[in-house]
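These are the residues of each chain, in order.
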Amino acid sequence: MSREERKVILASSLGTVFEWYDFYLYGSLAAVIGANFFSQFPESTRNIFALLAFAAGFLVRPFGALVFGRLGDLVGRKYTFLVTILIMGGSTFVVGILPTSDSIGIIAPIVLIALRLLQGLALGGEHGGAATYVAEHAPHGRRGFYTSFIQITATAGLFLSLLVILFTQLAVGPDAFKTWGWRVPFLLSIALLGISVWISPADGGKPGLQEDEG
């Protein structure tokens, strides 16, 4: 493997881990988010609304795959990879600075749901695009092995999000975490976004899988 091919696989794998990290943060903190963005409802109702907003991200994932899959065919995998991680990282960061419903009323949950939809679109496009990107650059006879790294990124992203939440809660304390500390894991996504962009290869990506030789 060339240095560029190794960089493609590393960048795609880490980028997908970070995307899943961003995506799962919301699910892990659904109860806290429900208390901050659906506070006008009873606890059971706001938890349901918070989980429905989480589900909205999954509902739009197929559309993200269709849109960004086609875009990757037209302009190259790297560019769609960068667009999806920018959308995901930016949306997650905005959640971290978004005022609660106590401050701006119903606008807060509306913006929150819109950000969840953007996250779902980005993840739907990035996950399949990353697998294709890796397959296009993997050496002959090793495509299955190297694309398998993309398939384990969802679990890695979940564990990363849980660890960041745990350490943040231990650092600031349970009470502070419920009021403002929950924002820290979302704000950290900007650092993960910077790492993803920094390690992205210079190659714009191939327009399609290359034929195996032999």
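Residues numbered from 1 in each chain as written. Predicted model: local features only at pLDDT ≥ 70, side-chain atom pairs only at ≥ 80, totals over all residues. Heavy atoms only, no water.

1. Some thoughts on the overall build of the protein
Here is step 1 of the chain: Each helix and strand in the protein was counted, giving 12 helices and 0 strands.
Here is step 2 of the chain: Reading the helices (α) and strands (β) of the protein from amino to carboxyl end gives α-α-α-α-α-α-α-α-α-α-α-α.
Here is step 3 of the chain: The C-alpha atoms of the protein give 18 Å as radius of gyration, which agrees with the globular expectation for 214 residues (17 Å, within 12%).
Here is step 4 of the chain: Dimensions of the protein, computed from C-alpha atoms along their principal axes, come out at roughly 65 × 35 × 25 Å.
Here is step 5 of the chain: Out of the 214 residues belonging to the protein, those deemed buried represent 46%.
Here is step 6 of the chain: Of the charged side chains in the protein, 14 are positive and 14 negative, and the gap between their average positions amounts to 2 Å. (Helix = DSSP H or I, 4+ residues; strand = E, 2+ residues; numbered from the N terminus. Rg over C-alpha atoms; globule rule 2.2 N^0.38 Å. Buried < 20%, exposed > 50% of the residue type's maximum accessible area, 1.4 Å probe, protein only. Lys, Arg positive; Asp, Glu negative; His and termini not counted. Charge placed at Lys NZ, Arg CZ, Asp CG, Glu CD.)

2. Let's talk about the packing of helix α1 (residues 3-28) against helix α9 (residues 153-172)
Here is step 1 of the chain: In the contact formed by α1 and α9, the axes pass within 7 Å of each other and the chain directions differ by 55°. Relative to α9, α1 is oriented oblique. Here α1 and α9 pass one another in a crossing that is right-handed. Where α1 approaches α9, its residues Ser13, Thr16, Val17, Phe18, Trp20, Tyr21, Tyr24, Leu25 and Ser28 are matched on the opposing element by Thr153, Ala154, Ala156, Gly157, Leu158, Leu160, Ser161, Leu162, Val164 and Ile165. (Axes fitted to C-alpha atoms, helices over the stretch in contact; angles between N-to-C directions. Parallel < 35°, antiparallel > 145°, perpendicular 65-115°, else oblique. Left-handed = near helix turned anticlockwise from the far one by under 90°. Contact = heavy atoms within 4.5 Å.)

3. Re the side chain of Thr153
Here is step 1 of the chain: Mapped onto the fold, Thr153 is located in helix α9.
Here is step 2 of the chain: Take Thr153: its relative accessible area is 2%, and that puts it in the buried class.
Here is step 3 of the chain: Of the polar contacts made by the side chain of Thr153, one reaches the backbone oxygen of Ile150; its length is 2.5 Å.
Here is step 4 of the chain: Beyond its immediate stretch of four places on either side in the chain, Thr153 contacts Ser13, Thr16, Val17, Trp20 and His127. (Polar contact = N/O pair within 3.5 Å; in protein donor to acceptor, adjacent residues only side chain to side chain.)

4. Re the confidence of the model for the protein
Here is step 1 of the chain: Of the residues in the protein, 93% reach a pLDDT of 70 or more, and the chain-wide mean stands at 85.
Here is step 2 of the chain: In this model, residues 204-214 is a region of pLDDT below 50 whose contacts with residues beyond four sequence positions or in other chains number 25 contacts. (pLDDT = per-residue confidence, 0-100.)

5. Some thoughts on the environment of Thr92
Here is step 1 of the chain: Assignment of secondary structure puts Thr92 in helix α5 (residues 77-97).
Here is step 2 of the chain: With relative accessibility at 0%, the residue Thr92 sits in the buried group.
Here is step 3 of the chain: In the structure, Thr92 is positioned 87 residues away from Glu5 in sequence and 29 Å away in space, judged by C-alpha atoms.
Here is step 4 of the chain: Non-local contacts of Thr92, meaning those with residues more than four positions away in its chain, are made with Asp22, Leu25, Gln119, Phe186 and Ser189.

6. Considering helix α8 (residues 143-151)
Here is step 1 of the chain: Among all positions in α8, only Tyr146, Thr147 and Ile150 are buried. When α8 is viewed along its axis, its buried side chains cluster within an angular range of 95° and face the same direction.
Here is step 2 of the chain: In this structure, the buried residues of α8 make contact with α1, α7 (107-137) and α9. (Arc of directions from axis to C-beta.)

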